Protein chains: 2
Amino acid sequence: MEITEAVKKFKDQIKLLHAYEHAMGVMYYDIETAAPKNAIAGFSDTLAAFSEITYNISVNEENFKLLDFLTEHAGELDEITRREVEEAQRGLKLLRNIPVDEFVEYQRVQSEASSVWHDAKVNSDYALFEPYLKKLVDFNVRFAKYAAPDMDPYDYWLNEFEEGFTQDVLDKYFAGIKAALVPLIHRIGEKEQIENGFLHKNYPVWKQRELSDYLMEVMGIDRADCAIGETEHPFTTGFNKHDLRITTHYYENALESSMYSVIHEGGHATYEMGNSDELIGSSLAGGASCGMHESQSRFYENIIGRSRAFIELVFPKIKEMFPDELKGVSSEDFYCAVNRAEPSLIRTEADELTYSLHVLVRYEIEKKLMHGELDTKDVPSEWNRLYKEYLGVDVPCDREGCLQDSHWSGGSFGYFPSYSLGSAYGAQILHAMKKELDPDRLVREGKISVITDWLREHIHKYGRIKKPAELLDIACGEEFDPGYYVKYLTDKFSELYGL
Amino acid sequence: MEITEAVKKFKDQIKLLHAYEHAMGVMYYDIETAAPKNAIAGFSDTLAAFSEITYNISVNEENFKLLDFLTEHAGELDEITRREVEEAQRGLKLLRNIPVDEFVEYQRVQSEASSVWHDAKVNSDYALFEPYLKKLVDFNVRFAKYAAPDMDPYDYWLNEFEEGFTQDVLDKYFAGIKAALVPLIHRIGEKEQIENGFLHKNYPVWKQRELSDYLMEVMGIDRADCAIGETEHPFTTGFNKHDLRITTHYYENALESSMYSVIHEGGHATYEMGNSDELIGSSLAGGASCGMHESQSRFYENIIGRSRAFIELVFPKIKEMFPDELKGVSSEDFYCAVNRAEPSLIRTEADELTYSLHVLVRYEIEKKLMHGELDTKDVPSEWNRLYKEYLGVDVPCDREGCLQDSHWSGGSFGYFPSYSLGSAYGAQILHAMKKELDPDRLVREGKISVITDWLREHIHKYGRIKKPAELLDIACGEEFDPGYYVKYLTDKFSELYGL
């Protein structure tokens, strides 16, 4: 085979696969934001047909040979193509190494598990879900061994979700988090709690929609490249740097809920809108990893969006929009209210301070499950024990405990840590940024675009060309160091609660 | 080939094509309602890739043989499969008979023409568009001859859009319309005009959204099967009877605009939601023809929605929603205002009475173009002459004249008459319905569902199993008779204007 011919074949395939991914992505966005409820059956049929088609395009001997040929000639490829080949190999590593019938069986089990988990959660009936969790753990341990026989299975999955981050890094990371945050949260629990009742007055949805527009404007998001939709559980998706979609959910009696969804998802979108133009049409558009994506969304949500400077910037407008609801409330009151820290049961509703402890619980349980050190039957008791120990809360039922997240039912083990890593990356990036910029002053002056430009130059433009650890090196000039995150949280919340 | 095997192959193909059509349909809906402006380039790429794939699935010798085999064995097929084969043959008739290179060239010209038409319209510059119109007319005459050598070319295209309706039917139809309506419109022009200023006060969009919800509820539209989106030019699309999408556009200073868009598009959706279950997954879901589809949307919009009974039903709620804007306005005032008839320039904004005369102008011009009796250079003068003659209005510029519609630039000649036929079908269907039901009483009592049940039983349930003329026979027990339409309009508007 000629190298030119092989590259053309490979690029044509990327283009074709992108067309299917684009269509499936738009359909997913549509079903979550716009489609009527009963559309789901028809969608499932079309998505199943497309999944089969794309599977057949990728998983076949001819394609394996093509990728192996390109891998052998990696030295002759430009950087983008080389990374595209690497990513394609990475994506197929598992599928090339597991027996087809086991994979088919896994898909069947996983699909059933998702449906059973849903019922189990609604009825808070862990026993219903337990046999499926057991099967999914077994599959994932076995699959890890097929793909990487010499690797610890949990390390394999951790590395799949966040390349370079295995248990040796994460054990140290979470040990530091635990040591610093558990006592800090305990001390805050003894202080007087911050008043936030005014955030839960009645805020009409149509006015909140206008607030979303304003926040996107403040963030410098070009609406010609990024739309906003409404959904049950906010998410962001995108099809190229000129077509991003953020979503939010409006609650009439919770002003900060949609406000911070918009800023968080706006951060995800800002990342992808900042990809360099050369990534358009490549398979490297988007973000480097889940953790790096989360670092950007949380940077805008917490580090910027929950800063005193940001509240001082936006509060006058918010007060103008809701003069009755915010009567007598000062900018400082608002700042404190949106930063109120309080141990709670649900990860997705956790505040900035306690969030990583929710993740830690999941990390410890996954680790034991993957090593056969915890029976799936004992997950609820272990979960409840850890929530009591780390967060001091009593879990009243499994619906608000170990059944709350969908990840395990989808067969994802090792994904959770990236949520927490994102925040830690963010704090480290902030530290590096401060050597060159004064983010607080810029935010106060409404110049968030200068901060975004810095992030684009150091992170966003690379898409998936660089791996997470490489990006940290580019942006910060050093290796991952969770100390910045611990210090950031300790400083911020000590000041806030007068410790 | 075995018949069972051939049917299976054919059904698999329908399923596969449906998956692509579904995805392309959702993408179209998304780009028109939700996508950011700059998404268009990425969408074009994916839609082009899918168009090529679906073209290749249908247009090949193997498939032609399959369809011919099934056509020969039509007697052995069940009714649905037989009609599916017929429709597949119909869809390929042209593609099987024209030289591939001519088709490719046509697509290129058509794509350019659409873009040039857009610029020509914006600049009101007919000369820019004229060479493209000439080419498109030539192509369409030639293509008609390839597909049906013995047929008049305009008859060929008319029959493509509305089976069974060729010039002999339409000449008589439009002659009747012209004879009755032109003098009626003239007499109305001499009467005092109806006051409708209150419809153009300020109606906040968020309140109009609530009105849409109310109107859909009154129509009995199940929101689990039908969503509503917002777009520039309202349309309806659907992917199966459990997934319809209507759209509307809100103008703050034109209450009736979105109100009647919702009812009109809701009528289209009601048609498809009424398909029988056996059509799910077949290629016969949807409506029998453009004209029949339009008959249902206009039935709900005009015959029901602009009736005195309907206004009496909904006005109390509308007044409750807009008490200041509608202060001093009575139900009768509102009824008169939404029925105000006035000759105008733009077809899509025309009232119920004058609408068909707009269509007549296009019919006469298309007919002459297809027969070489009118030079494309002379379209504007002919257009302006006919508007003056039929509607009594002076066309100030081609943007508001012969450049207003996109149809010709898309290569559609013969489509316009179906818009008018829809209204005529509707009036004939109303006459038949009145033999069994009292629609006015039912509407006044809020029992629109009884009317919808009747329409479902006589029209909606059949989807495309029956052709338009067959449906008229089922619903009315007689052939197409435009007399009902003329009488309906004459009665309604004579009463309204006290003639």
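Residues numbered from 1 in each chain as written. Chains lettered and ligands numbered in written order. Predicted model: local features only at pLDDT ≥ 70, side-chain atom pairs only at ≥ 80, totals over all residues. Heavy atoms only, no water.

A. Molecular detail of the interface of chain B and chain A. With 33 residues of chain B at the interface, the matching set in chain A holds 33 residues. Taking both sides of the interface into account, the surface hidden between chain B and chain A amounts to around 2400 Å²; carbon and sulfur atoms contribute 66%. Our enumeration of links across chain B and chain A arrives at two salt bridges. One salt bridge connects R245 of chain A with D30 of chain B, and the closest N-O pair in it is separated by 2.7 Å. (Contact = heavy atoms within 4.5 Å. Buried area = accessible area lost by both parts, 1.4 Å probe. Salt bridge = Lys/Arg side-chain N within 4 Å of Asp/Glu carboxyl O.)

B. Highlighting the sheet that holds strand 3 (residues 243–248) of chain A. Residues and elements named next belong to chain A. Pairing within the open sheet is mixed, and its three strands lie in the order 1-3-2. Since the sheet does not close on itself, it has two edges, and those belong to strand 1 (226–230) and strand 2 (236–240), each with one partner. Sheet twist, expressed as the mean angle between neighbouring strand axes with direction ignored, is 20°. Two strands pair when backbone bridges link them, and strand 1 and strand 3 are joined in this way by five bridges, in the parallel orientation. (Pairing = 2+ DSSP bridges. Helix = DSSP H or I, 4+ residues; strand = E, 2+ residues; numbered from the N terminus. Axes fitted to C-alpha atoms, helices over the stretch in contact; angles between N-to-C directions.)

C. Structural view of the packing of helix 3 (residues 61–72) of chain A against helix 4 (residues 79–97) of chain A. Residue and element names in this part refer to chain A. Packing of helix 3 against helix 4 leaves a shortest axis separation of 10 Å and a crossing angle of 135°. Taken together, helix 3 and helix 4 sit at an angle that is classed as oblique. Two packed elements cross with a definite hand, and for helix 3 against helix 4 that hand is left-handed. For the pair helix 3 and helix 4, contact is made by N63, F64, L67, D68, L70 and T71 and by V85, A88, Q89, L92 and R96, respectively. (Parallel < 35°, antiparallel > 145°, perpendicular 65-115°, else oblique. Left-handed = near helix turned anticlockwise from the far one by under 90°.)

D. Inspection of the relation of the copies chain B and chain A at higher detail. Superposition record for chain B on chain A: RMSD 0.0 Å, screw rotation 180°, translation along axis 0.0 Å. Here the transformation between the copies is reduced to the relation of a two-fold axis. Most of the interface of chain B is mirrored in chain A: 100% of its interface residues are interface residues there too. (Least-squares fit on C-alpha atoms with pLDDT ≥ 70 in both.)

E. Here's a closer look at the domain arrangement of chain A. Residue and element names in this part refer to chain A. Once the domains are mapped, chain A shows domain 1 (1–97) and domain 2 (133–499). Listed per partner, the contact involves 19 residues of domain 1 and 29 residues of domain 2. Interface area lost by domain 1 to domain 2 is led by Y29, R90 and L94, which between them contribute 30%. Where domain 1 packs against domain 2, one counts four salt bridges. Between K466 and E79 there is a salt bridge, with the nearest N and O atoms lying 3.2 Å from each other. Counting every contact that joins domain 1 to domain 2 gives 10 residue pairs in polar contact (both at pLDDT 80 or more). Listed by contribution, the elements that provide at least two residues to the side of domain 1 that touches domain 2 are helix 1 (3–33) and helix 4. Counting residues per element, the side of domain 1 that touches domain 2 draws most heavily on helix 4, at 10 residues. Counted by class, the side of domain 1 that touches domain 2 contains six nonpolar, five polar and eight charged residues. (Domains from an automatic or database assignment. Polar contact = N/O pair within 3.5 Å; in protein donor to acceptor, adjacent residues only side chain to side chain. Nonpolar A, V, L, I, M, F, W, Y, C, P; charged D, E, K, R; others polar.)

F. Representation of the environment of I194 of chain A. Residue and element names in this part refer to chain A. You can see I194 is positioned in the loop between helix 8 (167–190) and helix 9 (205–219). Expressed as a C-alpha distance, the spacing of I194 and V338, which sit 144 residues apart in the sequence, is 9.4 Å. With sequence-adjacent residues up to four places away left out, I194 is seen in contact with C336, A337, R340, L496 and Y497.

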